[in-house]
Amino acid sequence: MSKRKGSVDAPVLGAIDKSAGRVGEQLARMLREAISTEKLKPGERLPSTRALAISLDVARGTVTEAFGQLISEGYLEARIGAGTLVSRAWKEPEWRTRPPAFQSSPGGASSLPNTVARYAAAARALRAMPAVPFSIAVPKGDVALDDTWRRLSNKIRATQAAAPTTYGDPAGLSSLREAVADYVRKSRAVTCTAANVIITSGTQQGLYLASRVLLRAGDVAWAENPAYPGLTAVLADSQADLFRLPVDSSGMDLAHGISKFPPARAVFVTPSHQYPLGMPLSMPRRAALLTWARENDAWIVEDDYDSELRYAGHPFPSMQGLDPARVIYLGTYSKVLAPSLRLGYAVVPDPLVDAFAGARALIDRHSPIADQHVISAFMRDGHFETHVRRIRRIYAQRRAMLLDELGRQIPAVEIQPSDQGMHIVAWLPEGTDDCLIAEMAYMAGIAVRAITPMYEGPSPRPGLMLGFGGFSESQLREGVAKLKAILDQYS
Ligand SMILES: Cc1ncc(COP(=O)(O)O)c(C=O)c1O
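Residue positions are counted from 1 within each chain, in the order its sequence is given. This being a predicted model, a pLDDT of at least 70 is required before a residue's local features are given, and a value of 80 or more before pairs of side-chain atoms are given or counted; all residues contribute to the totals for chains, interfaces and linings. Remark: hydrogens and water are excluded; side-chain values derive from all non-hydrogen atoms of the structure.

- For the chain, an unreviewed UniProt entry supplies the name DNA-binding protein and the organism Paraburkholderia steynii.
- UniProt positions are given in the numbering used here, feature names are shortened, and annotations may be inferred rather than shown by experiment. Under Sequence similarities (unreviewed entry), UniProt gives the following word-for-word description of the chain: "In the C-terminal section; belongs to the class-I pyridoxal-phosphate-dependent aminotransferase family."

1. Section: the pattern of salt bridges
- Whenever Lys or Arg places a side-chain nitrogen within 4 Å of a carboxyl oxygen from Asp or Glu, that contact is recorded as a salt bridge. All told, the structure shown has 26 salt bridges when counted by the stated rule.
- A salt bridge links Arg294 to Asp323; the nearest nitrogen and oxygen atoms lie 3.0 Å apart. With Arg294 in helix α11 (residues 283–295) and Asp323 in the loop between β8 (299–303) and β9 (327–332), the pair connects residues that are 29 residues apart, well separated along the chain.
- Overall, the relative accessible area of 8% leaves Asp323 in the buried class.
- Within the structure, one salt-bridge network assembled from shared partners comprises Glu77, Arg79 and Arg88. Per the convention used, a helix needs a DSSP run of H or I reaching at least four residues, while a strand needs a run of E reaching at least two, with both numbered from the N terminus. Each residue gets one of three labels from its accessible area relative to the maximum for its type: buried under 20%, exposed over 50%, partly exposed in between, using a 1.4 Å probe on protein chains only.

2. A few points about the pairing of β9
- Of all six residues that make up β9, six are buried, and the element is covered over most of its length.
- Burial along β9 is two-sided: Val327, Tyr329 and Gly331 and Ile328, Leu330 and Thr332, pointing in opposite directions, are all buried.
- A strand pair is defined by DSSP finding two or more bridges across the two strands. Direction of pairing for β8 relative to β9: parallel, over a ladder of four bridges. Across the sheet, Ile300 pairs through a bridge with Val327, a residue of β9.
- Of the strand pairs in this sheet, β9 and strand β10 (residues 344–347) are connected by four bridges, and their pairing is antiparallel. When the sheet's bridge partners are listed, Tyr329 is paired in β10 with Val347.

3. Looking at unusual backbone geometry
- A cis geometry characterises the amide bond from Pro133 onward to Phe134, with omega recorded as 5°.
- Here Phe134 is to be found in the loop between α5 (114–125) and α6 (147–157).
- Cis geometry marks the peptide bond from Tyr275 to Pro276; its omega dihedral reads 5°.
- Examined against the element boundaries, Pro276 turns out to sit in the loop between β7 (266–269) and α11.
- The phi dihedral of Arg22 falls on the positive side, at around 45°, and the residue is not glycine.

4. As for the UniProt feature "domain: HTH gntR-type" (unreviewed entry) in the chain
- As annotated by UniProt and renumbered to match this structure, "domain: HTH gntR-type" (unreviewed entry) occupies residues 21–89.
- Helix and strand shares over residues 21–89 are 52% and 12% respectively, and the end C-alpha atoms of the span are 32 Å apart.

5. Quick word on helix α2 (residues 49–56)
- Within the span of α2, buried status applies to Thr49, Ala51, Leu52, Ala53 and Leu56.
- Lining the buried residues of α2 we find α1 (23–36) and α3 (60–73).
- Of the residues flanking the end of α2, it is Asp57, one or two places downstream, whose phi is positive at about 60°. Contacts are residue-level and defined by heavy atoms, with any inter-residue pair within 4.5 Å sufficient.

6. Focus: the side chain of Gln205
- By secondary structure assignment, the location of Gln205 is in helix α8 (residues 203–214).
- On the basis of relative accessibility, which here comes to 8%, the residue Gln205 falls in the buried class.
- Here Arg360 takes part through its side chain, which lies 3.2 Å from a polar atom of the side chain of Gln205.
- When residues no more than four places from it in sequence are discounted, the contact partners of Gln205 are Thr200, Arg360, Ile363 and Asp364. In the analysis that follows, any N or O atom pair within 3.5 Å is treated as a polar contact, provided that within protein one partner can donate a hydrogen and the other can accept it, and provided that, for residues neighboring in sequence, both atoms belong to side chains.

Rendered as structure tokens:
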């Protein structure tokens, strides 16, 4: 290779391994390395592409490609008449020469933004439970979506309408919005048209959208105490100040909020089936909450997560139907179809429709179109209501059987009165560490959720959430026996 003054020898780069392929990438990596370690110094001239190609025994185009890549990354610069030089502006960032603080010492993690710890805690709080008794929302066996779903799903996915195509409406597929509007009008006394319906990826997203659209920095939000951890994590992540209202046998204690807390911009509530305790919000309290919201220009976010599953009488009508201008109604397919579908809906007042659609678009544009087509057809053809009727009957039997079995095997637990949903709450004897019991249960192959972490401040009593939906009677019986053994071992 002819060597001009100031140019570098190829040996500083090392040898190319042609058998490993991607020769251009190898060369670029070697050049980067040589510059970073100052074997090649700023301002130093590289051999011509021709000379370097001969010296390395590679195609000239390969060298040109590697130079081009490093010029665009700022390691090299091309000068007319002077060839290619190591960039004179190049300076290895100081941090590249030492490991990041958080890798070298655990204390260094304090340099991470506090959002990191908050989101990591949310990941722990919302981690999926294994599909063993008493996990909640496990659509397996008799309560799984059946052949009708599979056949319809395959048929729809094969149609042109559901074929992959361009972006869709962030508010959702119009036929699904129609189907949802028909369904919630009829079964939940929701007042709306399809134009009020926003298809979401589940109620979790509905809660997130509501918090983003409704709450500004410094606003106040009220939520129940205890509450769904996915809601409290969303509100902790918002710019609002959160106040928790106690719950008694009539549901959320509004009077407590009014007398003790600053007025809320938005109130998040589970009026049909308080989460996790299960009582409905009484009619007088619903009326009082709506009146208060009107007088204080506040929004109500109604999380109606499992009201289809009421076992005594008909499901309670929604609060939204009593004041559609004040209430954001959230529904989900997670409980009655399957959580893995990640589909649900929000019914929002006219002035909020575009904002909810826009907030949705900022997250992920919209839910997959093919999935929306499938649920839309499932609802339109009447299969959805047939499925809900079928699983409600099975759940009612399993629930009665679980209550019986708990009473027989573990009389020390007290069952929280409730007549709907896919879980029950079993109160444990005073002083029991429900989180420890939940951990012991996990090790023993059953899945229960502890109640105390769902409270802000001390929980009045320790307790466990037990889901019964996806398990046969014998699995439930066995689960109760395991739980009894754990409680015996604990005490
Ligand atoms: C009270 C409550 N709200 C919201 C959700 C979130 O449901 P989805 O799966 O629709 O996001 C859940 C899920 O368990 C829940 O229990």
